[in-house]
Amino acid sequence: MCYLKLVLCFAFVNCLAIAKQDDRKRLIYYCGNRADKPWDENSDLACSGSFYPAVLDSLFYIDHNAELKSDILDTFRWDYKNKHYKLKLKDNLYFHNKRKVNAKDLEFSILRYFFVFKPSIGNTFHLNIKGTKKISKGQKFESGLVEGVKIIDDLTIALVPAKANPSFLYTFTHFSFALVPKEELKEDYITWKEWPIGLGAYKVVDFNKKEKSVTLLLNNKKNYPNAAEEVLFQQERKIEPDITIKDFLASKSNKYVKERLLVPMYRRVIEFNFNSEYGRSKEFRRAIALAISREELVKKTYIPTNPLYEILLSSSLGRINIKESQNINEAKKVITLITKNKKNVFLIPYSEDLSYLGAEYRNILKKQLENVGINILFIENNKNIWDPFSIEFLNAPFYIHSTEGDYYDPILNFTKYKKGSPSQNSFLKDDLIEVLLEETKEAPSRDILNERLKNISRYFYEQRILIPLFEIPSIVYYKKEKIKSIGRQFGGITLYLQNIEVKK
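Please read these numbers as outputs of a predicted model, since none were measured by experiment.

Conventions we followed
- Along every chain, residues carry numbers that run from 1 in the direction the sequence is written.
- Where totals are concerned, whole chains, interfaces and linings use all residues; where local detail is concerned, this predicted model gives features only for residues with pLDDT of at least 70, and gives and counts side-chain atom pairs only at 80 or more.
- Side-chain calculation: all heavy atoms of the structure are included, whereas hydrogens and water are not.
- A run of H or I in DSSP counts as a helix once it spans at least four residues, and a run of E counts as a strand once it spans at least two, with each numbered from the N terminus.
- Atoms counted for the radius of gyration: C-alpha only. Globule rule: 2.2 Å times the number of residues to the power 0.38.
- Contact criterion: two residues are considered in contact whenever any of their non-hydrogen atoms come within 4.5 Å of each other.
- Surface accessibility follows the Shrake-Rupley procedure with a 1.4 Å probe radius. Residue values consider only the protein chains on display as shielding.
- Positive residues here are Lys and Arg, negative ones are Asp and Glu, while His and the chain termini are left out of the count.
- Throughout, a charge is located at the NZ atom of Lys, the CZ atom of Arg, the CG atom of Asp or the CD atom of Glu.
- We call a residue buried when its accessible area falls under 20% of the maximum for its residue type, exposed when it is over 50%, and partly exposed in between, using a 1.4 Å probe and counting protein chains only.
- Under the rule applied, a polar contact is a pair of N or O atoms within 3.5 Å (in protein, one hydrogen donor and one hydrogen acceptor; residues adjacent in sequence only if both atoms are side-chain atoms).
- The definitions used throughout rest on a 1 Å grid laid over the protein atoms alone, on which a cavity is an enclosed set of points accommodating a 1.4 Å probe that cannot get out and a pocket is an open set flanked by protein within 12 Å on both sides along at least five of seven lines; lining residues are those having an atom within 4 Å of a point.
- Grid points are joined across faces, edges and corners, and a volume is the space filled by probe spheres set on the points.
- Each residue gets one of three labels, nonpolar for Ala, Val, Leu, Ile, Met, Phe, Trp, Tyr, Cys and Pro, charged for Asp, Glu, Lys and Arg, and polar for the others, Gly among them.
- Paired strands, in this sense, are two strands between which DSSP finds at least two bridges.
- Every axis corresponds to a line fitted to the C-alpha atoms, with the helix fit spanning only the stretch in contact, and the corresponding angles, defined between N-to-C directions, vary from 0 to 180 degrees.
- A helix is expected to span 1.5 Å for every residue after the first.
- Looking at any residue, its pLDDT shows the predictor's confidence there, from 0 to 100.
- Side-chain rings of Phe, Tyr and Trp, where Trp is taken by its six-membered ring, are said to pair if the distance between their centres is within 6.5 Å; with planes under 30 degrees apart they count as stacked, over 60 as edge-to-face, and otherwise as tilted.
- Charge over a ring is defined by NZ of Lys or CZ of Arg lying within 6 Å of the ring centre and within 35 degrees of the ring normal.
- For classification purposes, an angle smaller than 35 degrees is called roughly parallel, one larger than 145 roughly antiparallel, one from 65 to 115 roughly perpendicular, and anything else oblique.
- Crossings are assigned a handedness: left-handed for a near helix turned anticlockwise from the far helix by less than a right angle, right-handed for a clockwise turn.
- Here, nonpolar core means buried Ala, Val, Leu, Ile, Met, Phe, Trp, Tyr and Cys residues that are tied together by side-chain atoms lying within 4.5 Å of each other.
- An arc is given here, and it is the one of the directions from the helix axis to the C-beta atoms.
- Criterion for a salt bridge: a side-chain nitrogen of Lys or Arg within 4 Å of a carboxyl oxygen of Asp or Glu.

In terms of helices and strands, the protein carries 10 helices and 21 strands. A globule of 504 residues ought to have a C-alpha radius of gyration of about 23 Å, and the protein, at 24 Å, matches this closely. Viewed in the frame of its principal axes, the protein has a C-alpha envelope of about 90 × 70 × 40 Å. Taking contacts inside the protein between residues at least 6 apart in sequence as the whole, the part at least 24 apart equals 71%. Of the roughly 22,200 Å² that the protein leaves accessible, carbon and sulfur atoms contribute 50%. Each charge sign in the protein was given a centre, from 80 positive and 63 negative side chains, and these centres are 2 Å apart.

Right, dumping it as structure tokens:
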């Protein structure tokens, strides 16, 4: 009997040891997501921004000197003689489905969003590739159809800008341009047949629909010897995470090391409904801006935030460095004149923010607007990220949500508010915006780009096309007993899970 107890005790201890050993191999990453899967089109950007680089890899990335780098391109350079960029893939790259990567995959991956019919993130890009304006949305992709992308050999393409732009290649750092195998996508070119297949360090091995979790397995131990062998990608906080970038509980816990990255993650903004009576009114939009004190708002957010008075983030090129003062009396005059003292209560949609910003800042914002005669009721919008002004919000004058601040190519901060944007009714039908975007896109140098960005940024401010509230820094929260280093990270919405070094 004693012998049996001893054996059972030994077995129990042994199981615990194995469990602890397995736990060391697994990294639990939490990224709250309103979508079902991190690869859904309406996925929170902080989730897709960490998921896709891990699974698909990235065509380019930015180092700490803001220089363009690539782990999958052997070379990328400007060919002065032929006036095009020459991009050559490394040899012996394979997708997770075991197929070798070739130049046609590079061509398709760069161009696929031009052929997508559905509203998508790709519609917000203002890509400067020769011949893309001839493509019709929903058109079938064919290799060689676009003159600005030419196959040179099995590993090399020529990429031709329509106009000179020093930020041209920087656009392709976005995860949307990662290499993908066309055969794993449905005919719409954005929906995966099962789950994403790429050539990243991790491959998807399981999706638990009930738990909203994805299991990633390390597929490239040779190049990432210090990475976790397994990542549990949680979209609901079921287990205490080892690492996260957007979580109130972790931000307040002394269990976590807090490391701030170079580039902010998000900006929180008010976007207007230009299909509504009040949203179309420039004076109404100006009054909203004058009613707000950003300094009061940032004091009430769960995680640290910084006041933001213009569309470009504090780290960006092209800032006009304004600082708008609250003017309640002026705002009240304008609102009284516009609304004629009507006692409207506006239903205002907002994107989920309780998990990282809390509700108190919204309560303060509500009071600030009430002080000038605007009565609102906030209602969370989880239905349609591209068209928040639908169903019960048809008459909502504005919408509050977080947008990606694009450090890599500053022009992309403005393209969401141009004609053809997937964001229904959130842009002003203004031809001058198109002119300013075209001028900015063809800037031949960084100095000229800086000045042209200032022009369009100033116009956005003068017209109050949107109202920035604050910027949200990129802060990584991680457990030091599990993680040795977060490795090469730059900031923004991208967290490179494969670069995180775990303790063995």
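Structure's up, so let's keep going.
A few words on the side chain of His401. For His401, the location among the structural elements is in strand 17 (residues 398-404). According to the relative accessible area criterion, His401 is buried, its value standing at 8%. Within the structure, His401 has its side chain in polar contact with the side chain of Glu271 (distance 3.0 Å). Not counting residues up to four positions away in its chain, the partners in contact with His401 are Arg267, Arg268, Val269, Glu271, Ser351 and Lys416.

Moving on, we come to the layout of surface pockets. Looking at the second largest pocket, its volume works out to about 390 Å³. In terms of lining residues, the second largest pocket is bounded by 18 residues, among which Leu93, Tyr94, Leu199, Asn220 and Asn223 are the most central. When its residues are assigned to classes, the lining of the second largest pocket shows seven nonpolar, six polar and five charged.

Let us now look at the sheet that holds strand 12 (residues 257-260). In space, the seven strands of this open sheet follow the order 8-9-10-1-11-19-12, with mixed pairing throughout. Looking at strand neighbours, the two that pair on one side only are strand 8 (202-208) and strand 12, the edges of this open sheet. Here strand 8 pairs with strand 9 (residues 213-218) via six bridges, running antiparallel. Note that in strand 9 the partner of Tyr202 across the bridge is Leu218. Taken strand by strand, helix 2 (residues 45-55) contacts strand 1 (26-30), strand 8, strand 9 and strand 10 (230-234), and its axis lies near 130° from that of strand 8.

Once that is clear, we can look at helix 10 (residues 446-463). Over its 18 residues, helix 10 extends 26 Å from the first C-alpha to the last, a length consistent with the 26 Å expected when each residue adds 1.5 Å. Turning to helix 10, its buried residues are Leu449, Asn450, Leu453, Ile456, Ser457, Tyr459, Phe460 and Gln463. The secondary structure elements touched by the buried residues of helix 10 are helix 5 (282-291), helix 9 (431-441) and strand 18 (466-472).

Here we take up the confidence of the model for the protein. Of all residues in the protein, 92% attain a pLDDT of 70 or more, and the chain-wide mean is 88. Considering only residues more than four positions removed or in separate chains, one finds that residues 1-21, a stretch of pLDDT under 50, has zero contacts.

For the rest of this paragraph, the subject is empty space enclosed by the protein. Counting across every chain of the model gives eight cavities of 30 Å³ or more. Taken as a whole, the second largest cavity spans an internal volume of roughly 90 Å³. If you go around the second largest cavity, you meet 13 residues; those closest to its centre are Tyr309, Glu310, Tyr461, Leu466 and Pro468. At the level of elements, helix 10 and strand 18 are the ones that each hand at least two residues to the lining of the second largest cavity.

Before going further, it helps to spend a moment on the packing of aromatic side chains. According to the stated counting rule, one finds 24 aromatic pairs in the structure shown. Aromatic side chains Trp78 and Tyr85 sit 4.8 Å apart centroid to centroid with 65° between the ring planes, which places their arrangement in the edge-to-face category. Relative accessible area serves as the criterion here: at 29%, Trp78 is assigned to the partly exposed category. Tyr85 gets classed as buried once you look at its relative accessible area, which sits at 15%. Taken together, the ring pairs in this structure connect Tyr29, Trp39, Phe51, Tyr52, Phe175, Phe207 and Phe233 into an aromatic cluster. The ring of Tyr170 has Arg446 lying over it, and the distance from NZ or CZ to the ring centre is 5.9 Å. In this arrangement the basic side chain of Arg464 is found over the ring face of Tyr461, its NZ or CZ atom lying 4.3 Å from the centre.

Here the focus is the packing of helix 5 against helix 7 (residues 328-339). Running from N to C, helix 5 and helix 7 cross one another at 150°; their axes reach a closest spacing of 8 Å. Compared by their axis directions, helix 5 and helix 7 come out roughly antiparallel. In this structure, the crossing between helix 5 and helix 7 has a hand that is left-handed. Of the residues in helix 7, those touching helix 5 at Glu283, Phe284, Arg286, Ala287, Leu290 and Ala291 are Ile328, Glu330, Ala331, Val334, Ile335 and Ile338. Among the residues making up the contact of helix 5 with helix 7, the classes are represented as nine nonpolar, no polar and three charged.

Here the focus is the nonpolar core. Membership of the largest hydrophobic core comes to 143 residues, with the highest contact counts inside it found for Ile110, Ile129, Leu159, Phe172, Ile243, Ile288 and Phe398. In terms of residue count, helix 3 (residues 103-115) provides more of this core than any other element does, eight residues in total. Ignoring any residue separated from it by four or fewer positions in sequence, one finds Phe398 in contact with Ile270, Glu271, Phe272, Asn273, Phe284, Ile288, Ile348, Pro349, Leu369, Ile376 and Phe389.

So, about the environment of Glu236. Take Glu236: it is sitting in the loop between strand 10 and strand 11 (243-244). The exposure class of Glu236 is partly exposed, given its relative accessible area of 30%. Taking the C-alpha atoms as reference, Glu236 lies 7.4 Å from Cys31; in sequence the two are 205 residues apart. Apart from the residues lying within four places of it in its own chain, the contact partners of Glu236 are Tyr30, Glu211 and Lys212.

A few words on helix 8 (residues 360-370). Here helix 8 has its buried residues at Tyr361, Arg362, Ile364, Leu365, Gln368 and Leu369. What you see down the axis of helix 8 is that its buried residues fit within an arc of 155°, all on one side.

Tallied over the entire structure, the rule returns 28 salt bridges. Here Glu229 makes a salt bridge to Lys221, at a shortest N to O gap of 3.3 Å. We note a salt bridge from Lys366 to Glu370, for which the minimum N-O separation is 2.8 Å. A residue pair is termed a helical-turn pair when its members lie 3 or 4 positions apart in one helix, as Lys366 and Glu370 do in helix 8 at four residues. By relative accessible area, Glu370 is classed as partly exposed at 33%. In the salt-bridge network here, residues are joined through shared partners; they are Arg34, Asp44 and Lys246.

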